[in-house]
Amino acid sequence: MLSVPTLWTVFVINFLALGLIWAYVMRCYPSFEAARFWTGSAFTAAAGAAMATLRVIFPDTLLPLLFAGTALILAICLASMGVQKFFDRPLSWRNTLLITGLGTIGLWFFTFAHDSVPARMTVFTIAQTLPMALSLKLLLSRHESRVNPGARLAGIVTILIMAVLAVRLAGAVTGFGFSYMHFSPVQSVVVLVLVFLSMALNFGFLLMAMDRLRNEVADLALLDDLTGVGNRRYLLQRLTEECVRSERSGPPFALLVIDLDGFKGINDTHGHAAGDACLQHFTLMAQTRLRPGDMLARTGGDEFCIVLPSSTLREGAMIARRVLEVCRADAEKCTGNDIPIAVSIGVAQWSREMGGYPDRVIAAADHALYDAKKAGRNGFATYDPAPPLVPEPASPPMPDVALRKRA
């Protein structure tokens, strides 16, 4: 059977190690704010376990138990706040302070005013279980149509921890008790199980962090560094999806190919910094004229594309007209050193002849863009392929009698 100091030492070492890991994650990824709460939770739990060991050194006072219980309740609350922050839910310090404060008051009352181990264990268990129960739904729910594997693991471990706490509470209420001075073999096993589950819970949090960071890296690979919109890779991926969807369900989509007129002259005259500013400014203007679901991407240099899901050629021309109008209105307001922005736009609609090949849609829109530039620029043109030539119907064969008369 493990001794009391040994068990609490294991607790301290476990949570210190977890705190150091989370501190490293927090330093390497400062934008990952959930790591701050999980770091605080691990170090607070380590401090609570360390204070609990003082009960062995000072057996005549129960103050270490009060401080240790308060710290462990606060640690659970901080871990729950980390889950809420991870899923971008509003944080409530008031709930944390309320649960911790009421838990501390309950522990103090049933320690010094009316000494009762079962009542003390009841307050301690409820104060620990409540924040875990509040975060359980977030861990097991779908977010963005998928379940985070780390969140699912953390949710399962949370349920197991709550079950162990319930079993420990049942043992205390039925008379088996839970002494911080003399552990029974069963109680020692319970404590070791809680240590293992706390490690598994933090491992689930780490998997959640890895999944989030991996998704952020994947998103960065699909975004343009300068403008923040999709890049060519993302455009091809989206066009492929739209082609497959249109082939399967029927409704077509439209594509706009946009080119900034005279952009090379802007770079040569005003410098590349001014050119970059023009690209960013055009991106902001164009986005104000798009509908929900439309996607703007920069394919390179001064070229942009807009994907219009479930849209016809006419609707594509309407969006092109909107983009032109906002650029022309902005150019009229330019004074002094302001640089007016003019664009040419080619509009094309997917057709079944194009199939699942996005390059054919791009080629059609490029053809329309060439027509727009040939027509004088600062305008748009649509791709309307000429209908195929219909061969003249062959003359019906003449009957034999007619042939003889003709002869």
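Residues numbered from 1 in each chain as written. Predicted model: local features only at pLDDT ≥ 70, side-chain atom pairs only at ≥ 80, totals over all residues. Heavy atoms only, no water.

**Looking at the state of the cysteines**
In step 1: Using the criterion set out here, one finds 0 disulfides in the structure.
In step 2: Sulfur of Cys-278: no disulfide; nearest cysteine sulfur belongs to Cys-334 and is 8.7 Å away.
In step 3: Cys-243 supplies the cysteine sulfur nearest to Cys-305, a cysteine that is in no disulfide, at a spacing of 13 Å.
In step 4: Since its relative accessible area comes to 4%, Cys-305 is described here as buried. (Disulfide = S-S within 2.5 Å. Buried < 20%, exposed > 50% of the residue type's maximum accessible area, 1.4 Å probe, protein only.)

**Examining the packing of aromatic side chains**
In step 1: Taken as a whole and assessed by the stated rule, the structure comprises 11 aromatic pairs.
In step 2: Residues Phe-253 and Trp-350 carry aromatic rings whose centres are separated by 6.4 Å and whose planes lie at 20 degrees to one another, so their mutual orientation is stacked. With Phe-253 in the loop between α8 (232-249) and β1 (254-260) and Trp-350 in the loop between β4 (343-349) and α12 (358-374), this residue pair connects regions lying 97 residues apart in the sequence.
In step 3: Joined through ring pairs, the aromatic side chains of Trp-22, Phe-32, Trp-38, Phe-86, Phe-87 and Phe-205 make up one cluster.
In step 4: Against the face of Phe-86 rests Arg-212, its NZ or CZ located 4.1 Å from the ring centre. (Phe/Tyr/Trp six-rings, centres within 6.5 Å; stacked < 30°, edge-to-face > 60°. Helix = DSSP H or I, 4+ residues; strand = E, 2+ residues; numbered from the N terminus. Lys NZ or Arg CZ within 6 Å of the ring centre and 35° of its normal.)

**Structural notes on a nonpolar patch on the surface**
In step 1: Together, Leu-63, Phe-67, Trp-108, Phe-109 and Phe-112 make up a nonpolar patch on the protein surface, roughly 490 Å² of accessible area in all.
In step 2: Counting only elements with at least two residues in the nonpolar patch, the list comes to α3 (63-86) and α4 (93-113).
In step 3: Looking at the nonpolar patch element by element, the count peaks at 3 residues for α4.
In step 4: Secondary-structure assignment places Phe-109 in helix α4. (Patch = residues over 30% accessible without salt bridge, like charges linked within 9 Å, V, L, I, M, F, W, Y side chains within 5 Å. Areas by Shrake-Rupley, 256 points an atom, 1.4 Å probe, with all protein chains shown as cover. Salt bridge = Lys/Arg side-chain N within 4 Å of Asp/Glu carboxyl O.)

**Description of the side chain of Asn-267**
In step 1: Mapped onto the elements, Asn-267 comes out in helix α9 (residues 263-270).
In step 2: Exposure remark for Asn-267: the relative accessible area of 14% places this residue in the buried category.
In step 3: What Asn-267 contacts, discounting residues up to four positions off in sequence, is His-272 and Gly-275. (Contact = heavy atoms within 4.5 Å.)

**Re α12**
In step 1: Over its 17 residues, α12 runs 25 Å from end to end, which matches the ideal 24 Å to within 8%, given 1.5 Å per residue.
In step 2: All of the buried residues along α12 are Pro-358, Val-361, Ile-362, Ala-364, Ala-365, Ala-368, Leu-369 and Ala-372. The buried side chains of α12 occupy one side of the element, clustering within an arc of 160 degrees when seen end-on. In α12, the exposed positions angled more than 90 degrees off the buried face are occupied by Tyr-370 and Lys-374.
In step 3: Residue Gly-376 follows α12 closely and has a positive phi angle near 125 degrees. (Expected span 1.5 Å × (residues − 1). Arc of directions from axis to C-beta.)

**Concerning the packing of α3 against helix α7 (residues 185-221)**
In step 1: The geometry of α3 relative to α7 is characterised by a closest axis approach of 12 Å and an angle of 20 degrees between their N-to-C directions. Taken together, the axis directions place α3 and α7 in an arrangement best described as roughly parallel. Crossing of α3 against α7: the hand is left-handed. Residue-level inspection shows Ala-79, Val-83 and Phe-86 of α3 in contact with α7, the latter providing Phe-205, Met-208, Ala-209 and Arg-212. (Axes fitted to C-alpha atoms, helices over the stretch in contact; angles between N-to-C directions. Parallel < 35°, antiparallel > 145°, perpendicular 65-115°, else oblique. Left-handed = near helix turned anticlockwise from the far one by under 90°.)

**As for the side chain of Thr-100**
In step 1: Turning to its location among the elements, Thr-100 is positioned in helix α4.
In step 2: Take Thr-100: its relative accessible area is 10%, and that puts it in the buried class.

**As for unusual backbone geometry**
In step 1: Even without a glycine there, the phi angle at Asp-88 is positive, about 55 degrees.
In step 2: Relative accessible area serves as the criterion here: at 64%, Asp-88 is assigned to the exposed category.
In step 3: Not every positive phi belongs to a glycine, and Asn-378 is a case in point at roughly 50 degrees.
In step 4: Relative to the helices and strands, Asn-378 is located in the loop between α12 and β5 (380-382).

**Thoughts on the pairing of strand β2 (residues 295-300)**
In step 1: Counting buried positions over the 6 residues of β2 gives 5, a clear majority of the element.
In step 2: Where β2 and strand β3 (residues 303-308) come together, 5 bridges link them in antiparallel fashion. What sits directly across from Gly-300, in β3, is Glu-303.
In step 3: Following β2, the chain reverses through 2 residues before pairing antiparallel with β3; Gly-301 in that reversal takes a positive phi of roughly 60 degrees. (Pairing = 2+ DSSP bridges.)

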